[in-house]
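# Analysis of the macromolecular model
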Amino acid sequence: MEATAAPARLENATDLPPAYIEIGQIDAFRDEASAYAITLSRAGVPVEFHLHPGVPHGFDSIAFNADVSRRAMADRVRVLKPI
C-alpha cells in the first residue's frame, strides 16, 4: 500500500503542500495524527496542528454547538478561505 493510505507509512514528506491537522485528545487516531504532523514539520512542510483537549473523534458532529466545535469550524474556514 502507498503512504497515502495511512500517514504513518510516509517516508519522505519533502515537497508536500502545507497541512492543517486537527484531532481530538481522545481520538483513536491521535498518536498517528501527531506523528504525521511531526514528520511533515521535520521535512520543512508548514503545519498548523490542533489537539483539542478532552474530545473524541467526530466531536464536531456530536456536539456541533460546543465551543470547541465552533472554534474548529472557524479555524477550518480561516485556513480554507484563501483557496
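Residues numbered from 1 in each chain as written. Predicted model: local features only at pLDDT ≥ 70, side-chain atom pairs only at ≥ 80, totals over all residues. Heavy atoms only, no water.

Within an unreviewed UniProt entry, the label attached to the protein reads Acetyl esterase/lipase, and the organism entered is Nonomuraea angiospora.

## Some points on the overall build of the protein
Of regular secondary structure, the protein possesses three helices and two strands. What you see in the protein, going N to C, is helices and strands ordered as β-α-β-α-α. Summed over its atoms, the accessible surface of the protein is roughly 5900 Å², and 58% of this surface lies on carbon and sulfur atoms. Where the 8 positive side-chain charges of the protein centre and where its 11 negative ones centre are 7 Å apart. (Helix = DSSP H or I, 4+ residues; strand = E, 2+ residues; numbered from the N terminus. Areas by Shrake-Rupley, 256 points an atom, 1.4 Å probe, with all protein chains shown as cover. Lys, Arg positive; Asp, Glu negative; His and termini not counted. Charge placed at Lys NZ, Arg CZ, Asp CG, Glu CD.)

## Quick look at the environment of H57
Inspection of the secondary structure puts H57 in the loop between β2 (47–52) and α2 (59–62). Exposure remark for H57: the relative accessible area of 53% places this residue in the exposed category. When the C-alpha positions of H57 and G24 are compared, they lie 5.9 Å apart, and in sequence the two are 33 residues distant. Once you skip the residues sitting within four places of it in the chain, H57 turns out to touch D27, F29 and I62. Side-chain polar atoms of H57 contact the side chain of D27, separated by 2.7 Å. (Buried < 20%, exposed > 50% of the residue type's maximum accessible area, 1.4 Å probe, protein only. Contact = heavy atoms within 4.5 Å. Polar contact = N/O pair within 3.5 Å; in protein donor to acceptor, adjacent residues only side chain to side chain.)

## Looking at the nonpolar core
Of all hydrophobic cores here, the largest spans eight residues; its members are A13, A19, I21, I23, A33, A37, L40 and V45. Taken together, the elements giving at least two residues each to this core come down to β1 (19–24) and α1 (30–42). In contact with L40, other than residues within four places in its own chain, are L10, A13, L16, A19, I21, V45 and V47. (Core = buried A, V, L, I, M, F, W, Y, C linked by side-chain atoms within 4.5 Å.)

## Quick look at the pattern of salt bridges
Enumeration according to the criterion identifies six salt bridges in this entry. In this structure, R76 engages E22 in a salt bridge whose closest nitrogen and oxygen atoms are separated by 2.3 Å. Taken as a pair, R76 in helix α3 (residues 67–80) and E22 in strand β1 lie far apart in primary sequence, 54 residues in all. Of the charged contacts, one joins R70 and D67 as a salt bridge, the two residues approaching to 2.4 Å between their closest N and O atoms. Highlighted residues: R70 and D67, both in helix α3, separated by three residues, approximately one helical turn. Look at D67 and you get partly exposed, because its relative accessible area is 47%. (Salt bridge = Lys/Arg side-chain N within 4 Å of Asp/Glu carboxyl O.)

## Thoughts on the side chain of H50
Topologically, H50 is positioned in strand β2. Residue class for H50 comes out buried when judged on its relative accessible area of 19%. Setting aside chain neighbours within four positions, we find H50 in contact with Y20, I21, E22, I23, D75 and R78.

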